[in-house]
Amino acid sequence: MEEFLRLPGLRPLPSFGPCQVASCPRDREGTSKFYCQAHNQRRAYELRRGSTLDEETWRLTTSAIAQSGVISLRGLADRVVGEVLFGMQECNAEGIRQKDFMIRPLCDLARTRQAASLEDLDQQEMSRNT
């Protein structure tokens, strides 16, 4: 291994690039042309279910892979990002503890609806999803 690492011109291979799902911060994997492993599996599941998948819409609207303590704001309109961050800031100022699993569905709904603002979302639907 030491001898191998000393070889001149040894360079790491480039990444495969980012996952093409708008909400996803992960890199693509070698076996998928467009997606990280998790989104590739999610897409395959949708196709097995017989879903007629509009690939471009799916890339824009599908949610990020849930990760504890993380809320993906990727793929949201700038105004929605600002509104979510402002709301979180106001809650923090009031001492209200926020949980990622409570905010994530709101972001997913806004992404699914491609909302320009949280005001564009139906209030009943928002309360069901948060």
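Let us look at the structure shown here. Keep in mind that this is a model prediction, so the values were computed, not measured. (Residues numbered from 1 in each chain as written. Predicted model: local features only at pLDDT ≥ 70, side-chain atom pairs only at ≥ 80, totals over all residues. Heavy atoms only, no water.)

Before going further, it helps to spend a moment on the pattern of salt bridges. Going through the model one piece at a time under the given rule, you end up with five salt bridges. Here Arg 79 and Glu 83 are joined by a salt bridge, their closest N and O atoms 2.9 Å apart. Here Glu 83 and Arg 79 lie together in helix α4 (residues 78–93), a separation of four residues that amounts to about one turn. (Salt bridge = Lys/Arg side-chain N within 4 Å of Asp/Glu carboxyl O. Helix = DSSP H or I, 4+ residues; strand = E, 2+ residues; numbered from the N terminus.)

This brings us to the packing of aromatic side chains. Per the counting criterion, the structure on display carries two aromatic pairs. When the centroid spacing of 5.2 Å and the interplanar angle of 90° are considered together, the rings of Tyr 35 and Trp 58 count as edge-to-face. A residue pair is termed long-range when its members are at least 10 positions apart, and Tyr 35 in the loop between α1 (2–5) and α2 (37–48) and Trp 58 in helix α3 (residues 55–61) qualify at 23 residues. Among the residues examined, Tyr 35 registers a relative accessible area of 1% and is labelled buried. An aromatic cluster is built from Phe 34, Tyr 35 and Trp 58, whose rings are joined through pairwise contacts. Lying across the ring of Phe 34, Arg 59 places its NZ or CZ 4.5 Å from the centre. (Phe/Tyr/Trp six-rings, centres within 6.5 Å; stacked < 30°, edge-to-face > 60°. Buried < 20%, exposed > 50% of the residue type's maximum accessible area, 1.4 Å probe, protein only. Lys NZ or Arg CZ within 6 Å of the ring centre and 35° of its normal.)

In this section: a nonpolar patch on the surface. On the surface, a nonpolar cluster with roughly 520 Å² of combined accessible area is contributed by Met 1, Phe 4, Leu 5, Leu 7 and Leu 10. Along the chain, the position of Leu 7 falls in the loop between α1 and α2. (Patch = residues over 30% accessible without salt bridge, like charges linked within 9 Å, V, L, I, M, F, W, Y side chains within 5 Å. Areas by Shrake-Rupley, 256 points an atom, 1.4 Å probe, with all protein chains shown as cover.)

Tracing the backbone through its elements, the reader meets Thr 62 in the loop between α3 and α4. Within the local environment of Thr 62, its side chain forms a polar contact with the side chain of Arg 42, the two groups lying 3.4 Å apart. For Thr 62, the residues in contact, after removing those within four places along its chain, are Val 21, Ser 23, His 39, Arg 42 and Arg 111. (Polar contact = N/O pair within 3.5 Å; in protein donor to acceptor, adjacent residues only side chain to side chain. Contact = heavy atoms within 4.5 Å.)

The next subject is the environment of Gly 75. Looking at the element boundaries, Gly 75 is found in the loop between α3 and α4. Sequence separation of Gly 75 and Thr 62 is 13 residues, and the distance between their C-alpha atoms is 9.3 Å. Look past the residues within four positions of Gly 75 in its chain and what remains in contact with it is Ala 22, Arg 111 and Gln 114.

General note: in soluble globular proteins, nonpolar side chains tend to be found buried as a group. Counting residues in hydrophobic clusters, the biggest one holds 13 residues, and the most contacted among them are Leu 76, Val 80, Val 84, Cys 107, Ala 110, Leu 118 and Leu 121. Apart from the residues within four sequence positions on either side, Val 80 is in contact with Ala 110, Ala 115, Ala 116, Ser 117 and Leu 118. Formed by seven residues, the second largest nonpolar core is a distinct cluster that contains Cys 19, Val 21, Cys 24 and Tyr 35. (Core = buried A, V, L, I, M, F, W, Y, C linked by side-chain atoms within 4.5 Å.)

What follows deals with helix α5 (residues 100–113). When the terminal C-alpha atoms of α5 are compared, their 20 Å separation across 14 residues agrees well with the 20 Å that a helix rising 1.5 Å per residue should span. Among the residues making up α5, those that are buried are Asp 100, Ile 103, Arg 104, Leu 106, Cys 107, Leu 109, Ala 110 and Arg 111. Residue Gln 114 follows α5 closely and has a positive phi angle near 50°. (Expected span 1.5 Å × (residues − 1).)

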